[in-house]
Protein chains: 4
Amino acid sequence: MANIVITYHSVNHHTEAVALEVAKGAEAAGASVIVHNIENPVERLWSDLAAADCIIFGSPTYMGDVSATFKKFAEETSKQWFTQAWAGKLAAGFTNSGNPAGDKLATLQSMSILAAQHGMLWVNCGVMPSVYTGDGQNLNRFGHYLGLATQSANGPVSETNPAEEDRATARAFGAHVAAATARWSAGRTNLSSAA
Amino acid sequence: MANIVITYHSVNHHTEAVALEVAKGAEAAGASVIVHNIENPVERLWSDLAAADCIIFGSPTYMGDVSATFKKFAEETSKQWFTQAWAGKLAAGFTNSGNPAGDKLATLQSMSILAAQHGMLWVNCGVMPSVYTGDGQNLNRFGHYLGLATQSANGPVSETNPAEEDRATARAFGAHVAAATARWSAGRTNLSSAA
Amino acid sequence: MANIVITYHSVNHHTEAVALEVAKGAEAAGASVIVHNIENPVERLWSDLAAADCIIFGSPTYMGDVSATFKKFAEETSKQWFTQAWAGKLAAGFTNSGNPAGDKLATLQSMSILAAQHGMLWVNCGVMPSVYTGDGQNLNRFGHYLGLATQSANGPVSETNPAEEDRATARAFGAHVAAATARWSAGRTNLSSAA
Amino acid sequence: MANIVITYHSVNHHTEAVALEVAKGAEAAGASVIVHNIENPVERLWSDLAAADCIIFGSPTYMGDVSATFKKFAEETSKQWFTQAWAGKLAAGFTNSGNPAGDKLATLQSMSILAAQHGMLWVNCGVMPSVYTGDGQNLNRFGHYLGLATQSANGPVSETNPAEEDRATARAFGAHVAAATARWSAGRTNLSSAA
């Protein structure tokens, strides 16, 4: 079974809401998902990460990059980087901010470089903008590809903040990552049994 | 068998030399490799790309980005992008220039975004710098991770230009991409046979 | 007087429409502006660029980066790069595509690195999103900062495609660049007279 | 007089050594320079920043981006961003790491986007690689342009770690930023006296 860990940072619960939708989409696609808020890491965070087939990074975009709290987590992974303990895992990323673009691509670039440093393969957003597919769902309405990028309004998180179209994109992204992880895991098994 | 197509642009044969080393490394790791210079595309380029399990992009870094000729190729793939014909393939990238850094990361970022637009998973460089592993081979001597980045001196291409340490890194990168492609392909087979 | 040259690439006139709005804004702010479509360069392009206090780059975003035609122009500037003939000029950039985000940040990053290679100072977008200023004009509605990023719909260019809010942002960006260029030019004069 | 504040983060004094060389170069070029280590901010940090004509950002590159401590500082500037209190200042950046490239470009990109969000103009590295100028000093030996990028070895900071060639590049970068700041400041004075 595809084993996914979502590690996100969220202060005002907006990015957290996205994380939960990603988890929902991945679980619906058959993955086993564990969600960790790295603001308050629990002891099993690192063992969960070690056991993951795929790690999904989540962070708000603050001042044009990942949050400082996310970056602190990234630096704590330098132990795993040094031994390349995560090499061969899949990675993917999502970010949320108050603007449609808002330099969110820079956050996704930072996450994709972090993944590359770890030797992890990078899974893209995987959701074509509805403007091209004509599916009427307004998915990926801003046109980000490197990962998932959503928007929330100021004010409390609610069922409509982030908006349903972004929540649906998050679920589709979660399903996409789950499918990639299942295939990647099956590949290991298959190659092993062939050996 | 892992089916890899390398599409590169090279004017003065330096990037071409790297492409051939990548191919060598991938073939030695068991992959079937086809190499295309997109400067003079032949008719079967597009059918080869369609059949590939993994596409490796190669371009010199000129003025801080992929070459115009490579970018022209990238734009010609907009047909495949629109139908997401390449979604689910693997992708990786390499670049060569006259400086150790020389903004080569920007070229790799451009390639990784191109891959994400196509829905392709991005395979990293996969070669830890020798400075950390102590293997004495001076591999990945500049510390690039998102893809392979090599350096050549002005003057004609030769066995020592690009240098052997960068050629060895290119072969290790090729082997890394081949292993990822083999696993990814086996995963598809395995999931299919399970269905 | 601030002497600005806008060099843009445009196939379907959408990016051209933005270029003309940028020129309008810069001229209204007192600058002298020359506009060149680099698709069909005229002979005086290079002498105009040599005489410019500020060069504004414009390109559509195609497949997540500057267009191949723009990149070809960038490579032709390698002569100026080698002698650093443009060092000390100002530079700024704009891009247009069919999506709100659409990886336009990557295009602006490519342009800002090109400018840095030339030793040119990079002028930002300079237009705060209306969502923060409450000016009711819906300026910089996507939240890009490194440069100007606008959106156009498929179909012919018209007074409302790109939309008036993006055209107004383009004029404000032009005025911002003109003011920076005036100050930068005045600084040279002042330092000279002090010498 | 050009009024420059350098705000850097440094744990093991390597990036600090670079900061001090940048300051030396800027002072030799006539600038007034204040240096702040943001690891332990003192009370006058924010008033110094408010009074600066130019702010130079400095951070090690950790895991492919600015350090978490630097990012925390960047987030604390969101007050200044919201009121655009720093708009019209100059900005520049430098970074240090253990590898020649080591994804340092990503750190400089993050800093340049931060500057753009603040409405600050971005000053480039301004030091052509010696490999092109033939000055025999081995300046800018890795070929970075967006800002200053230096390398240090593991082990304690010393006169030769970072190496003298990188220290010389740092001083040249400092002088370059000082000259740009002097011109930019003179421009304000000149425009004012013309009004």
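Since the structure is predicted, the reported quantities are computational estimates derived from the model, not experimental observations.

Asker: Can you tell me about helix 1 (residues 14–28) of chain D, naming the residues and giving the values?
Answerer: Residue and element names in this part refer to chain D. Taking 1.5 Å of rise per residue, the 15 residues of helix 1 would be expected to cover 21 Å, and the 22 Å separating its terminal C-alpha atoms lies within 8% of that figure. Counting buried positions along helix 1 yields 11 of 15 residues, so the element is predominantly enclosed. Within the sequence span of helix 1, burial applies to His14, Thr15, Glu16, Ala17, Val18, Ala19, Glu21, Val22, Ala23, Gly25 and Ala26. Just beyond helix 1, the residue with positive phi is Gly30, at close to 100 degrees.

Asker: Could you give an account of the interface of chain A and chain B, naming the residues involved and the relevant values?
Answerer: Each partner contributes residues to the interface: chain A has 32 residues there, and chain B has 32 residues. Both sides of the chain A and chain B interface together cover about 2900 Å² of buried area, and 69% of this is carbon and sulfur. Considering only the side of chain A, the residues that lose the most area to chain B are Tyr145(A), Arg183(A) and Trp184(A), jointly responsible for 23% of the buried surface there. Here chain A and chain B share seven residue pairs in polar contact (both at pLDDT 80 or more) between them. Elements supplying a minimum of two residues to the side of chain A that touches chain B: helix 4 (78–83), helix 5 (104–117), strand 6 (121–122) and helix 7 (164–194) of chain A. Of the residues forming the side of chain A that touches chain B, the biggest block, 11 residues, is contributed by helix 7 of chain A.

Asker: Residue-level account of the relation of the copies chain A and chain B, with values.
Answerer: Aligned on chain B, chain A shows an RMSD of 0.0 Å; the corresponding rotation is 180 degrees and the shift along the axis is 0.0 Å. Expressed as a symmetry operation, the mapping of one chain copy onto the other fits a two-fold axis. Identified as the residue of chain A closest to the rotation axis by C-alpha distance is Gly187(A), at 1.7 Å. Both copies contact each other with a shared surface, as 100% of the interface residues of chain A are interface residues in chain B too.

Asker: Account for the interface of chain D and chain A, with residues named and values stated.
Answerer: Contact residues are listed per partner, giving 22 residues for chain D and 21 residues for chain A. In this assembly, chain D packs against chain A so that about 1600 Å² is buried in total across both faces, 59% of it on carbon and sulfur atoms. Three residues, Met63(D), Ala68(D) and Lys71(D), lead the burial of chain D against chain A; their summed loss comes to 40% of the area buried on that side. Summed over the shared surface of chain D and chain A, the result is zero salt bridges. Going through the elements one at a time, strand 4 (65–66), helix 3 (68–76), helix 4 (78–82) and helix 5 (104–117) of chain D are the ones with two or more residues in the side of chain D that touches chain A.

Asker: How would you explain the environment of Tyr132(B) if you had to name every residue and give the values?
Answerer: Following the sequence through the fold, Tyr132(B) ends up in helix 6 (residues 130–133). By relative accessible area, Tyr132(B) is classed as partly exposed at 26%. Sequence separation of Tyr132(B) and Asp103(B) is 29 residues, and the distance between their C-alpha atoms is 23 Å. Ignoring any residue separated from it by four or fewer positions in sequence, one finds Tyr132(B) in contact with Trp81(A), Phe82(A), Tyr145(B) and Asn99(D).

Asker: Describe the packing of helix 5 of chain A against helix 5 (residues 104–117) of chain B, with residues and values.
Answerer: A pair of packed helices is characterised by two quantities: the angle between their axes and the separation of those axes. Packing of helix 5 of chain A against helix 5 of chain B brings their axes to within 12 Å, and their N-to-C directions diverge by 105 degrees. Relative to helix 5 of chain B, the element helix 5 of chain A is oriented roughly perpendicular. Here helix 5 of chain A contributes Leu105(A), Gln109(A) and Ile113(A) to the contact with helix 5 of chain B, which in turn contributes Leu105(B), Gln109(B) and Ile113(B). A breakdown of the residues in the contact of helix 5 of chain A with helix 5 of chain B according to their chemical character gives four nonpolar, two polar and no charged.

Asker: Outline the relation of the copies chain D and chain A, listing residues and values.
Answerer: For the pair chain D and chain A, the best superposition has an RMSD of 0.0 Å and corresponds to a rotation of 180 degrees with a translation of 0.0 Å parallel to the axis. Of the interface residues in chain D, 95% have counterparts in chain A that sit at the interface too, so the contact is made through matching surfaces.

Rules of the game
Residues numbered from 1 in each chain as written. Chains lettered and ligands numbered in written order. Predicted model: local features only at pLDDT ≥ 70, side-chain atom pairs only at ≥ 80, totals over all residues. Heavy atoms only, no water. Helix = DSSP H or I, 4+ residues; strand = E, 2+ residues; numbered from the N terminus. Expected span 1.5 Å × (residues − 1). Buried < 20%, exposed > 50% of the residue type's maximum accessible area, 1.4 Å probe, protein only. Contact = heavy atoms within 4.5 Å. Buried area = accessible area lost by both parts, 1.4 Å probe. Polar contact = N/O pair within 3.5 Å; in protein donor to acceptor, adjacent residues only side chain to side chain. Least-squares fit on C-alpha atoms with pLDDT ≥ 70 in both. Salt bridge = Lys/Arg side-chain N within 4 Å of Asp/Glu carboxyl O. Axes fitted to C-alpha atoms, helices over the stretch in contact; angles between N-to-C directions. Parallel < 35°, antiparallel > 145°, perpendicular 65-115°, else oblique. Nonpolar A, V, L, I, M, F, W, Y, C, P; charged D, E, K, R; others polar.

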